[in-house]
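As a plain string of letters, each chain reads:
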Amino acid sequence: MGNLGILFKRELASYFATPLAYIFIVIFLITNGLFTFELGGFFLRGQADLLPFFSFHPWLYLFMVPAIAMTLWADERKTGTIELLLTLPVRLVDAVLGKFLAAWALTGIALALTFPIWITVNYLGEPDNGVIFAAYLGSWFMAGGFLAIGSCMSAATKNSVIAFILTVSLCFVFVIMGSPILLDAFPAWVPQVVVDAFAAMGFLTHYDSISKGVLDIRDFLFFAAFIGAWLAASAVVIEMKKAN
Amino acid sequence: MIEINHLTKRFEQFTAVDDLSFQVAEGEVLGFLGPNGAGKSTTMKIITGFLAPTAGSVRVDGHDLASDALAAKALMGYLPEGAPSYGDMTTLDFLRFVAEVRGYRGEELVERVGRVLAQVELESVALKKIETLSKGFKRRVGLAQAIMHDPKVLILDEPTDGLDPNQKQHVRELIKNLARDKIVIVSTHILEEVSAVCTRAIIIANGRLVADGTPAELEARSKYHQAVSVTLGADYDVAADLAQLTKVAGVEVDPEDHRSLQILASGGQSIYADVSQTASDKGWPVEELHVARGQLEDFFKQVTAQGAQHG
């Protein structure tokens, strides 16, 4: 196991060493249930799919994911452990990736634990499990996008509450970027190219098509590139900010 | 061998380290001294590869920090200021983590961790979370991770800060025992510590090197070196009697007790015989007369006083 694996393991274990991981998972499952059954009308729709379940994920992640991302680097800087970590023979890339992957794994675990709803829908009808699988994957990738923003914001400040607020705000911008309300607000003189480019940066644009079962590799590529870019930015910010 | 060449570190307008150059060889225990804010910690952070210098270079055993950082970091053990560690881990888990990052696996890992636990006497708290430990234990956890891989170069930023006298003694013993074939750089502002453990001391002020030598050499450069301390039983003008003695540089009177005097030697020459001869010839009302040893503290004050005035 390389240093990336060692760092990943330590980070993931630290989530479970405190009640954080358990609280995160429990709240995630409860709110997911509330959204799906109460707001989404899971039963009333009478359809064997998980659309109401997945359609609330962007809004759920908006608050849940920044909560785990906020401590990623802010705490390291606040307690001074960043000095310990970065003077060990560890590459910064491994440190950034290890932390991100551990947090991403935690969201993956929480997401996987929603499996009873998948069993339910299979028990009640005959859903397209391929679509459901793709939607799960899309949802997880979107969570990764939120986390990557959070990683960068957390690197920018020693204060994890500030990191949380910054992350929520930025994530909100990226969520609504692709929403029709915002796109319609563009005046007519703005070239369509600009509007399209703007919409293409939005999470909803990509996530909606995935969660409806439109499997386009470009939507996944978008999230992968998005994650990569924000993690690279995290590394740059850490280099800049670690001295103070 | 550590080679530090023309190291400079600027933070915006503030110059923390200013054209600092020195070398440290195997077997040396270097005491790194200076007033608060003199640039000690910044220099250590640059040597350990945490911060990049604005100018200049650091080479550790031939590995340049700028181009070959991982190899250099693998050679070094570092206790950062305040001994940070992951509070939510147990001592054992934390040390296992460090050992893994240092490349140990399986039985060797168990053996390494067991050895440092014993070396810094942490067995009793091995299974406790670090955040629940006392300051002394936390400091020892920091030391344990620094010596995990028996490093060639050990850099300790205020290793005894906040420890009780027994713990300080223990840490000093540990450093002495480790030091034989290694390079140890210890920053401290406890000067007695330097005389106790260091083979060499460097004093920096305002980021510049102002003194470099063995603790004894630096003591000898104190203006109180070879001075004669006199306590008088009655008022008497000693200075008039000493005027013809060329070896005497001057007389300092204790501001709180004007019968207590320091007769300073010029150029570190021995003046005791002359002074005591004069005292008996002139019939000084002497209560006590002895040679004062130069104190590192006095020398430290002399060379850093200017820096203190300018903040």
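In this report, we go over the structure that sits alongside the text. (Residues numbered from 1 in each chain as written. Chains lettered and ligands numbered in written order. Predicted model: local features only at pLDDT ≥ 70, side-chain atom pairs only at ≥ 80, totals over all residues.)

**Focus on the sheet that holds strand β7 (residues 153–157) of chain B**
Residue and element names in this part refer to chain B. Judged by pairing direction, the sheet is mixed, and its 6 strands sit side by side in the order β6-β7-β8-β3-β9-β10 without closing on themselves. Only two strands of the sheet have a single partner each, and these edge strands are β6 (76–79) and β10 (208–213). Between one strand axis and the next, the sheet turns through 15 degrees on average, direction left out of account. By the bridge criterion, 4 bridges tie β6 to β7 in an arrangement that is parallel. By the bridge assignment for β7, glycine 77 is matched with leucine 154. Helix-sheet contacts for helix α1 (residues 40–47) involve β3 (29–33), β7, β8 (183–187) and β9 (200–205), and the interaxial angle to β7 is about 150 degrees. The strands touched by helix α5 (residues 135–147) are β6 and β7; relative to β6, the strand with the most contacts, the crossing angle is about 170 degrees. (Pairing = 2+ DSSP bridges. Helix = DSSP H or I, 4+ residues; strand = E, 2+ residues; numbered from the N terminus. Axes fitted to C-alpha atoms, helices over the stretch in contact; angles between N-to-C directions. Contact = placed C-beta atoms within 7 Å.)

**Quick notes on the packing of helix α3 (residues 91–101) of chain B against α5(B)**
Residue and element names in this part refer to chain B. Contact pair α3 / α5: the axes reach a minimum separation of 9 Å and the direction vectors enclose 25 degrees. Put simply, α3 runs roughly parallel to α5. In this structure, α3 crosses over α5, and the sense of that crossing is right-handed. Of the residues in α5, those touching α3 at Thr91, Phe94, Leu95 and Val98 are Val141, Ala144 and Gln145. Tallied by class, residues from the contact of α3 with α5 come to 5 nonpolar, 2 polar and no charged. (Parallel < 35°, antiparallel > 145°, perpendicular 65-115°, else oblique. Left-handed = near helix turned anticlockwise from the far one by under 90°. Nonpolar A, V, L, I, M, F, W, Y, C, P; charged D, E, K, R; others polar.)

**Some remarks on the interface of chain B and chain A**
Interfaces are frequently sized by the accessible area removed from exposure as the parts join. Between chain B and chain A, the contact holds 20 residues from the first and 18 residues from the second. Of all the elements in the fold, those that place two or more residues in the side of chain B that touches chain A are α2 (69–75) and α3 of chain B. Across the side of chain B that touches chain A, the residue classes break down as 12 nonpolar, 4 polar and 4 charged.

Scope: geometric values only; no functional claims are made or implied.
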